[in-house]
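Structural overview for review
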Amino acid sequence: MVRPKNLYISSVDFRKAVDRRTLLRIVREYGVDQKTVNLIKLILLNTKYKVKFPSKETKKNHIKVSSLTFADDLVLLAETEEEAISQINTLKETAGKTGLQLSYEKTEFMTMETNYGKKVIETKYGRTRVTKTFKYLGETICNNGLEKERIKEKIIKLERLNFATGNTYNKKNLSSNTK
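Residues numbered from 1 in each chain as written. Predicted model: local features only at pLDDT ≥ 70, side-chain atom pairs only at ≥ 80, totals over all residues. Heavy atoms only, no water.

**Digging into the overall build of the chain**
Looking only at helices and strands, the chain features four helices and ten strands. Along the chain, helices and strands appear, N-terminal first, in the series β-β-α-α-β-β-α-β-β-β-β-β-β-α. A burial count over the chain gives 24% of its 179 residues as buried. For the chain, restricting intrachain contacts to residue pairs at least 6 apart in sequence, the fraction spanning at least 24 positions comes to 56%. As displayed, the chain offers around 13900 Å² of accessible surface, 54% of which is attributable to carbon and sulfur atoms. (Helix = DSSP H or I, 4+ residues; strand = E, 2+ residues; numbered from the N terminus. Buried < 20%, exposed > 50% of the residue type's maximum accessible area, 1.4 Å probe, protein only. Contact = heavy atoms within 4.5 Å. Areas by Shrake-Rupley, 256 points an atom, 1.4 Å probe, with all protein chains shown as cover.)

**Description of the sheet that holds strand E4 (residues 73–78)**
Judged by pairing direction, the sheet is mixed, and its six strands sit side by side in the order E3-E4-E1-E6-E8-E7 without closing on themselves. For this open sheet the edge positions go to strand E3 (67–70) and strand E7 (120–122), each flanked by a neighbour on one side alone. On average, each strand axis in the sheet is inclined to that of its neighbour by 25 degrees, with strand direction left out of account. The pairing of strand E1 (residues 8–12) with strand E6 (residues 108–111) spans four bridges and is antiparallel. By the bridge assignment, Ser10 is partnered in E6 with Phe109. Strands in contact with helix H3 (residues 81–97) are E1, E4, E6 and E7; relative to E4, the strand with the most contacts, it is inclined by about 145 degrees. (Pairing = 2+ DSSP bridges. Axes fitted to C-alpha atoms, helices over the stretch in contact; angles between N-to-C directions.)

**Observations concerning the packing of aromatic side chains**
Describing an aromatic ring pair means giving the distance of the ring centres and the angle of the ring planes. Tallied over the full model, the rule gives three aromatic pairs. Here Tyr8 and Phe109 contribute two aromatic rings whose centre-to-centre distance is 6.1 Å and whose plane-to-plane angle is 25 degrees, an arrangement assigned as stacked. Of this pair, Tyr8 sits in strand E1 while Phe109 sits in strand E6, and the two are 101 residues apart along the sequence. For the ring pair Tyr8 and Tyr116, a centre distance of 6.4 Å and an interplane angle of 70 degrees mean the geometry is edge-to-face. Taken as a pair, Tyr8 in strand E1 and Tyr116 in the loop between E6 and E7 lie far apart in primary sequence, 108 residues in all. The exposure classification of Tyr8 matches that of Tyr116, with both residues buried. Residue placement shows Lys92 over the ring face of Tyr125; its charged tip is 5.1 Å from the ring centre. (Phe/Tyr/Trp six-rings, centres within 6.5 Å; stacked < 30°, edge-to-face > 60°. Lys NZ or Arg CZ within 6 Å of the ring centre and 35° of its normal.)

See the structure below:
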């Protein structure tokens with residue numbers, strides 16, 4: 001795999017993008033029959049996704065991935081800061097034609113460059129905060145490539161779960177088969 005020396009990542013957030021539950025509410029308001037609503041609900045709420053990378057046969061033909069998109073979650077990948085800023089500007093202009101607006105307050109910028117000193121980046125239309133981590137599809141992405149933040153989050157969730165269910169499993173009236 002060919003990897004650029006530095007990777008510049010923009011985690012983009014749209015203002016008032018329609019989420020799945022809102023879409024279902026809108027579909028009901030327009031009088032769509034319940035059977036169709038149920039089908040749409042199954043598709044929207046129970047969709048599993050998988051990212052598939054090229055097989056060994058396509059390895060010699062390098063594929064450049066410049067974005068990761070799922071529903072309204074969007075991450076832009078660039079090899080330079082200038083390219084990243086250009087991507088954000090172009091996205092803002094293109095999305096604006098469809099009525100979507102970028103939320104510069106929630107959009108985040110991250111780089112793998114270790115000595116990157118900026119706190120914000122300036123685009124043609126707004127300022128974006130520079131961060132060391134961001135969430136994409138529920139997972140924490142770190143600029144150092146390590147997953148320490150994600151692991152910490154999972155440990156905290158497990159500790160909460162253990163605390164919440166601990167008394168249930170320690171009760172004497174539960175059989176050992178139930179435990």
